[in-house]
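Here's the letter readout for the chains.
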Amino acid sequence: MPLLFGLRFDFRNPDLAATTLADRYAAGLDIVEWADRLGCASVALAEHHSSPDDYLPSPLPMLAAMAARTTNVHLTVAALIAPLL
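The model shown is predicted, which means the values in this text are computed figures rather than measured ones.

Participant: Quick question: what am I supposed to make of the pattern of salt bridges here?
Facilitator: Side chains that differ in sign of charge can pair as their charged atoms come close. Per the counting criterion, the structure on display carries 4 salt bridges. Across the pair R12 and D10 runs a salt bridge whose closest N-O atoms are separated by 3.2 Å. Its salt-bridge partner being D30, residue R69 comes within 2.6 Å of it at the nearest N-O pair. Linking R69 in helix α2 (residues 59-69) with D30 in helix α1 (residues 21-38), this pair joins segments that are 39 residues apart in sequence. On the basis of relative accessible area, R69 is assigned to the partly exposed category, the value being 29%. Salt bridges linked by common partners bring D10, R12 and D53 together as one network.

Right, dumping it as structure tokens:
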């Protein structure tokens, strides 16, 4: 029986993390690809603006990148500010 689990990313990057957003995004893509092989059922992202710790402001391009690297994971947006599309 496959292991079923879900992931949720917000890509917050507080100063104490001492990493770049590019590195954080790249790690998220690697994690999702790895999780897909392990039986991950879903990945959710949320949109947020004006956060001091760089909360993901544009989830759709990230979901597209995740879709390119996975085959079985259901990708969802937990929160999307439609007027900003």
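Participant: Where do I start with the sheet that holds strand β3 (residues 74-79) in this structure?
Facilitator: Pairing between the strands of a sheet comes from backbone hydrogen bonds, and it takes one of two forms, parallel or antiparallel. The strand order β1-β2-β3 describes an open sheet built from 3 strands, whose pairing is parallel. Every other strand in the sheet has two partners, leaving β1 (5-9) and β3 as the edge strands with one partner each. For this sheet the average axis-to-axis angle between neighbouring strands, irrespective of direction, equals 25°. Alignment of strand β2 (residues 40-46) against β3, held across 5 bridges, turns out to be parallel. The partner of L45 across the bridge, within β3, is V77. Each of β1 and β2 touches α1; the most contacted strand, β1, lies at about 170° to it. Along the sheet face, α2 touches β1, β2 and β3 and points at about 165° away from the line of β3.

Participant: What is the right way to read the side chain of S51 from this model?
Facilitator: Turning to its location among the elements, S51 is positioned in the loop between β2 and α2. Engagement of the side chain of S51 in a polar contact is seen with the side chain of D53, the distance being 2.5 Å.

Participant: I tried to follow the packing of aromatic side chains on my own but got confused; where do I start?
Facilitator: Two descriptors summarise a pair of aromatic rings, namely the distance from one centre to the other and the angle between the planes of the rings. For the structure shown, the criterion picks out 2 aromatic pairs. An angle of 15° between the planes, with centres 5.2 Å apart, marks the rings of F9 and F11 as stacked. Across this residue pair, the class does not change: F9 and F11 are buried. Summarising the aromatic geometry, the rings of F11 and Y25 are spaced 5.2 Å apart at their centres and angled 75° between planes, so their arrangement reads as edge-to-face. Residue F11 is located in the loop between β1 and α1, and its partner Y25 is located in helix α1; the two are separated by 14 residues in the primary sequence. An aromatic cluster is present here, built from F9, F11 and Y25 joined pairwise through their rings.

Definitions and cut-offs
- Residues numbered from 1 in each chain as written.
- Predicted model: local features only at pLDDT ≥ 70, side-chain atom pairs only at ≥ 80, totals over all residues.
- Heavy atoms only, no water.
- Salt bridge = Lys/Arg side-chain N within 4 Å of Asp/Glu carboxyl O.
- Helix = DSSP H or I, 4+ residues; strand = E, 2+ residues; numbered from the N terminus.
- Buried < 20%, exposed > 50% of the residue type's maximum accessible area, 1.4 Å probe, protein only.
- Pairing = 2+ DSSP bridges.
- Axes fitted to C-alpha atoms, helices over the stretch in contact; angles between N-to-C directions.
- Contact = heavy atoms within 4.5 Å.
- Polar contact = N/O pair within 3.5 Å; in protein donor to acceptor, adjacent residues only side chain to side chain.
- Phe/Tyr/Trp six-rings, centres within 6.5 Å; stacked < 30°, edge-to-face > 60°.

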